[in-house]
Amino acid sequence: MFAKLARTSFLISVLAVAGCNEKSMTDFVPQGATKQLPEKILASMRSKGMNRDAPIVGRIFKEENVVEVWKQKTNGRYDIIATYPICRYSGKLGPKYTEGDRQAPEGFYTVRPGQMNPKSGYHLSFNIGYPNSYDRANGRTGSNLMVHGACSSSGCYSMNDPQIEEIYAFARDAFKGGQTEFQIQAFPFRMTAANMARYRNDPNYEFWKMLKVGYDNFEITKVPPKVDVCEKRYVFNQVAPDGQKFNPTGACPISTTPDPLKVAYANYQKNYDSAFASAMSSSTPAPKASIAGIKEANVVSDWTKRRARGERVTIEPPSMNHDGTVTENSTRMGRIDSPAGRKMAALDAEKAAKKKAEEEKLAAVAAAKAEKERAKAEALAAKEAAKEKASEPVETLTAQVQPAPEVPVEDESRLSKVKKKLLGMFGG
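Computed from a predicted model, the values in this text were never measured in an experiment.

Draft legend 1. Local environment of the overall build of the protein. Assigned secondary structure in the protein consists of 10 helices and 16 strands. Taking all 428 residues of the protein together, the buried fraction comes to 39%. A separation of at least 24 residues holds for 59% of the contacts in the protein among residues at least 6 apart in sequence. Accessible surface computed for the protein: about 24500 Å², of which carbon and sulfur atoms make up 57%.

Okay, here's the thing in structure tokens:
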């Protein structure tokens, strides 16, 4: 029990750092890689006329959240043999554009024996082959895009461990039977008339219409289509003249479609057009969110790079609306628990400590200056008060001692006469 918990804890820490950057984690082939398909599936194969080691093709539908395994019957056509719910995939509907955009790819991919990883850090895995010639021709980047176990994804299609064991076994047995490569068809949704009508205004619609041609070819023939790329677009079941090849970035050669397929496709398209017209006027569920092209891919990629550097970023990546505005999908901030994250945290803590010390120093200088100004103001006030106090008695004395009033000459003469009269009366 402890060993299982320890393995789970270690795996979670690895996934948090690496995303889908796959590598072998063990030096031995785990039992999951050799596990046989259950008898229930083997019995279903027999009932459908399938050999155990017959070729396979995988189909992925994002909106429906399923991975399908189809297997070739003895008549050469393929039939579905198993369906698995996707445990987790990251991103939105729409293709992968650039490294770090966290989008799970859409398109037609090829898996060869060398892409199988029985020693995966995600229990078991296989690389789907992104980028393919279409992706490279259109400048799309990314690497290590997987179908794997461990139910954790940063751009991959993740299954739980028992599911990936069965999917891995289907591929392993097919390779043992002589299949040299198998096709993975990854779609945003089942490309029915109703769904295409729902998404007719989506910015990825033209890309999806192109994928739909390959989808339709498989629906009609029940055989994986021949896939080529020219003029930076997919072409399906086209036959080029002898000696001419399909150049992903060059002009498409004059090619033809086998007559039986051409007739079958025309009939299929006629029924589709009628169903599409009907779906246009019917009530359907609202479409799900899809990536807003390379601009949103770059926004998310920048978030991924900053996160990988250990910066504090929002817990969830931002997204771009179709009008060009950016929406933050989380207000919570966090930092990846990795050597880079811990180093960045230490640098940020050191920077914060320096900033705090500088702020405290500036605050101390400001306080000292304020104290000096206060003392100066108090001294000046005291000086003014003393000056006022010293000048107050002088002003009072001046006010109290008044000069004798002058006696008018007229009054002085009158006083002299009175004085003489008094002296005469008293003999003086």
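Draft legend 2. Inspection of the nonpolar core at higher detail. Counting residues in each nonpolar core, the largest one holds 39 residues, and the members touching the most others are Phe126 and Phe170. At the level of secondary structure, the elements contributing two or more residues to this core comprise α2 (39–48), β1 (56–61), β2 (66–72), β3 (78–85), β5 (107–111), β8 (146–148), α4 (161–176) and β10 (182–187). For this core, the leading source of residues is α4, giving 8 residues. Setting aside residues no more than four positions away along its own chain, Phe126 makes contact with Val111, Gln115, Met116, Leu145, Met146, Val147, Ile167, Phe182 and Ile184. Listed in part, the 24 residues of the second largest apolar core include Phe187, Trp208, Tyr272 and Ala279.

Draft legend 3. Layout of the state of the cysteines. Going through the model one piece at a time under the given rule, you end up with 2 disulfides. Put simply, Cys87 and Cys151 are joined by a disulfide, and their sulfur atoms are 1.8 Å apart. Residues Cys87 and Cys151 are joined by a disulfide whose S-S torsion is about -75 degrees; by sign, that bridge is left-handed. With Cys87 in the loop between β3 and β4 (88–89) and Cys151 in the loop between β8 and β9 (157–158), this residue pair connects regions lying 64 residues apart in the sequence. Cys87 sits in the partly exposed class, given a relative accessible area of 33%. Across the disulfide, Cys230 is cross-linked to Cys252 (sulfur-sulfur distance 1.9 Å). Disulfide Cys230-Cys252: torsion about the S-S bond near 95 degrees, hence right-handed.

Quick notes on the rules
- Residues numbered from 1 in each chain as written.
- Predicted model: local features only at pLDDT ≥ 70, side-chain atom pairs only at ≥ 80, totals over all residues.
- Heavy atoms only, no water.
- Helix = DSSP H or I, 4+ residues; strand = E, 2+ residues; numbered from the N terminus.
- Buried < 20%, exposed > 50% of the residue type's maximum accessible area, 1.4 Å probe, protein only.
- Contact = heavy atoms within 4.5 Å.
- Areas by Shrake-Rupley, 256 points an atom, 1.4 Å probe, with all protein chains shown as cover.
- Core = buried A, V, L, I, M, F, W, Y, C linked by side-chain atoms within 4.5 Å.
- Disulfide = S-S within 2.5 Å.

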